2 protein chains.
Amino acid sequence: MDFPIIGVLGGMGPYAGLDLVSRIFDETRAASDREHLPVALLSYGHRITDRSGFVFGQTDINPGYAIAELALELERLGAAVGGIACNSAHAPVIFDLVQQKLRGRSIRILHLIGETVRFISETRPDACRIGCLSTYSVHQHGLYQHAVEAAGLEAILPADSVAEEVVHRAIYDPIFGIKAISNPCTEKAISLVRQAITHVQNRGADAVILGCTELPLAVPPATCTVCIDPARALARALIRETSPQKLKPLGGM
Amino acid sequence: MDFPIIGVLGGMGPYAGLDLVSRIFDETRAASDREHLPVALLSYGHRITDRSGFVFGQTDINPGYAIAELALELERLGAAVGGIACNSAHAPVIFDLVQQKLRGRSIRILHLIGETVRFISETRPDACRIGCLSTYSVHQHGLYQHAVEAAGLEAILPADSVAEEVVHRAIYDPIFGIKAISNPCTEKAISLVRQAITHVQNRGADAVILGCTELPLAVPPATCTVCIDPARALARALIRETSPQKLKPLGGM
């Protein structure tokens, strides 16, 4: 039996693309190599300008152009749907351009942040107050905040100082940050991410979105019952939209 | 600057393809997303018949046909070289067919096993007696043994009983084997792989090839100074053949 191809737009950063593909495999009902779904990953980070840099006006070239080109290459490969393994790429100024460039094409790009909020409503219907941790650019632009609020939930944000000095540093610090060292992460980075989770919990969050592809590397969601991993949400959505019969039940095998 | 695309033929199994891509990233000189090399991964395991099964005559369909088709798709994407993340696919009866189907095409498929032996000569020029651990099919067909001997080195094989009852079981046992549980591996599987390494060392091996994509998951080569990881050897070869200036020095950053 042939299944539709799932496309992954990677390279933003490279390991985040791999992590999304890995989650697709994890969430697929498959007892052998041949039962897995076909996945095409294009990790072409060299072509794509910095997402945060563009959102903050440090570069003029909208990365959405290159992202749309990648999507078209995936379409030519036969991919029916695609996912972008990067939170910042879902800022409207980038993602709307991608959608505009793909108008009339057959490939559909699912929305990482929208799928994360949908995933929360499916897996944590009891949760009303949702903590949103992310890079400083995603935080400043309220990407998760707006999506959570649009779903009728309350967004619990970290204080600006925590977003910048705790979460952002855990990700970007050149000495101990997760982007610099992630296999395994440093004690310092893990401790900062845990501190940020506790901070939004103390502000009332009953679920916490780890809204940067680096954060789950420091605190694996399997070890944190309140944590929500957007990559897992997107992986499940990519399966659901192509081969729903292959999607593992939630919480099961 | 544009770099040639590296193709990865994955899906055999799916996580082995990811592991090879991950090693390519690990071995690349890059300080940012944009400095990484372009990699295209096609994880189309559903199309490819079982490699061991074919070698042992349990199926008539040579997986080399499907593997060559994947290589041609990678060529159409622009890939200059490709690597197959599967040891058994390098059995001559499969790999020779792939090469025959690709005659006259521009994409070159590097040879996992040949590159591993080359890697040993570069990184362990002192090592003369090379332990060869693998699945039972690769063991039975002497894939690593022949390549090691062709390089003028001595191949140290496990006893047949160890190849079958220790190594093969560590990989395939449905309860504790690495294919069943790998994140993390079970204590039992780790203990069996370590036992096999010690066994070939006791037979005189001064380096040990972990010649199955599952084995390094149980005993990461970083934790085993005598161990050789073929995926790392192939990853380095793929970089060397496309963008040698981007290859990290051995043992360094």
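Model, not experiment: these values are computed from the prediction. (Residues numbered from 1 in each chain as written. Chains lettered and ligands numbered in written order. Predicted model: local features only at pLDDT ≥ 70, side-chain atom pairs only at ≥ 80, totals over all residues. Heavy atoms only, no water.)

Remarks on the interface of chain A and chain B
Step number 1: Contacts between the two partners involve 32 residues from chain A and, on the opposite side, 32 residues from chain B.
Step number 2: Together chain A and chain B conceal approximately 2,800 Å² of surface at their shared face, both sides included; 56% is due to carbon and sulfur atoms.
Step number 3: When the area that chain A buries against chain B is broken down by residue, the three leading residues are A:Asp33, A:Arg34 and A:His46, summing to 25%.
Step number 4: Where chain A meets chain B, there are two salt bridges.
Step number 5: The residue A:Arg51 makes a salt bridge to B:Asp33 at a minimum N-O spacing of 2.9 Å.
Step number 6: At the boundary of chain A and chain B, one finds 13 residue pairs in polar contact (both at pLDDT 80 or more).
Step number 7: If you list the elements that add at least two residues to the side of chain A that touches chain B, you get helix H1 (14–26), strand S2 (39–43) and helix H3 (64–77) of chain A.
Step number 8: In terms of residue count, H1(A) provides more of the side of chain A that touches chain B than any other element does, seven residues in total.
Step number 9: Grouping the amino acids of the side of chain A that touches chain B by side-chain chemistry returns 17 nonpolar, eight polar and seven charged. (Contact = heavy atoms within 4.5 Å. Buried area = accessible area lost by both parts, 1.4 Å probe. Salt bridge = Lys/Arg side-chain N within 4 Å of Asp/Glu carboxyl O. Polar contact = N/O pair within 3.5 Å; in protein donor to acceptor, adjacent residues only side chain to side chain. Helix = DSSP H or I, 4+ residues; strand = E, 2+ residues; numbered from the N terminus. Nonpolar A, V, L, I, M, F, W, Y, C, P; charged D, E, K, R; others polar.)

Notes on the packing of aromatic side chains
Step number 1: Considering all chains together, one arrives at two aromatic pairs over all chains under this definition.
Step number 2: Residues A:Phe25 and B:Tyr15 carry aromatic rings whose centres are separated by 5.5 Å and whose planes lie at 75° to one another, so their mutual orientation is edge-to-face. In this pair, A:Phe25 sits in helix H1 while B:Tyr15 sits in helix H1 (residues 14–26), so the two residues belong to two different chains.
Step number 3: According to the relative accessible area criterion, A:Phe25 is buried, its value standing at 2%.
Step number 4: The ring of A:Phe176 carries the charged tip of A:Lys188 above its face, separated from the ring centre by 5.6 Å. (Phe/Tyr/Trp six-rings, centres within 6.5 Å; stacked < 30°, edge-to-face > 60°. Buried < 20%, exposed > 50% of the residue type's maximum accessible area, 1.4 Å probe, protein only. Lys NZ or Arg CZ within 6 Å of the ring centre and 35° of its normal.)

Some words on the packing of helix H8 (residues 160–172) of chain A against helix H9 (residues 187–202) of chain A
All names here are of chain A.
Step number 1: Between H8 and H9, whose axes approach to 8 Å, the crossing angle comes to 140°. Taken together, the axis directions place H8 and H9 in an arrangement best described as oblique. H9 is crossed by H8, and the crossing has left-handed handedness. Residues Val162, Val166, Val167 and Ala170 of H8 form the contact with H9, whose own contacting residues are Ala189, Leu192, Val193, Gln195, Ala196 and His199.
Step number 2: Of the residues assigned to the contact of H8 with H9, the class counts are eight nonpolar, two polar and no charged. (Axes fitted to C-alpha atoms, helices over the stretch in contact; angles between N-to-C directions. Parallel < 35°, antiparallel > 145°, perpendicular 65-115°, else oblique. Left-handed = near helix turned anticlockwise from the far one by under 90°.)

Things to note about the confidence of the model for chain A
Step number 1: Across chain A, the average pLDDT comes to 94, with 99% of residues at or above 70.
Step number 2: Here the complex is predicted with pTM 0.95, and the ipTM for its interfaces comes to 0.94. (pLDDT = per-residue confidence, 0-100.)

A look at the packing of H1(A) against H1(B)
Step number 1: The contact between H1(A) and H1(B) brings their axes to 10 Å, and the two run at 170°. The angle between the axes of H1(A) and H1(B) places the two elements in the roughly antiparallel class. In contact with A:Pro14, A:Tyr15, A:Leu18, A:Val21, A:Ser22, A:Phe25 and A:Asp26 of H1(A), H1(B) contributes B:Pro14, B:Tyr15, B:Leu18, B:Val21, B:Ser22, B:Phe25 and B:Asp26.
Step number 2: Along the lines of polarity and charge, the residues of the contact of H1(A) with H1(B) split into 10 nonpolar, two polar and two charged.

Points about the pairing of strand S1 (residues 5–10) of chain B
Residue and element names in this part refer to chain B.
Step number 1: Taking burial as the measure, the six residues of S1 include six buried ones, the bulk of the element.
Step number 2: Here five bridges tie S1 to strand S3 (residues 79–84), and the two strands are oriented parallel to one another. By the bridge assignment for S3, Leu9 is matched with Ile84.
Step number 3: Bridge count for S1 against strand S2 (residues 39–43) is five bridges, and the pairing is parallel. Paired with Ile6 across the strands is Val39, a residue of S2.
Step number 4: In this region the chain leaves S1, passes through H1 and returns to the parallel neighbour S2; the handedness of that crossover is right-handed. (Pairing = 2+ DSSP bridges. Right-handed = clockwise from strand over helix to strand, strands pointing away.)

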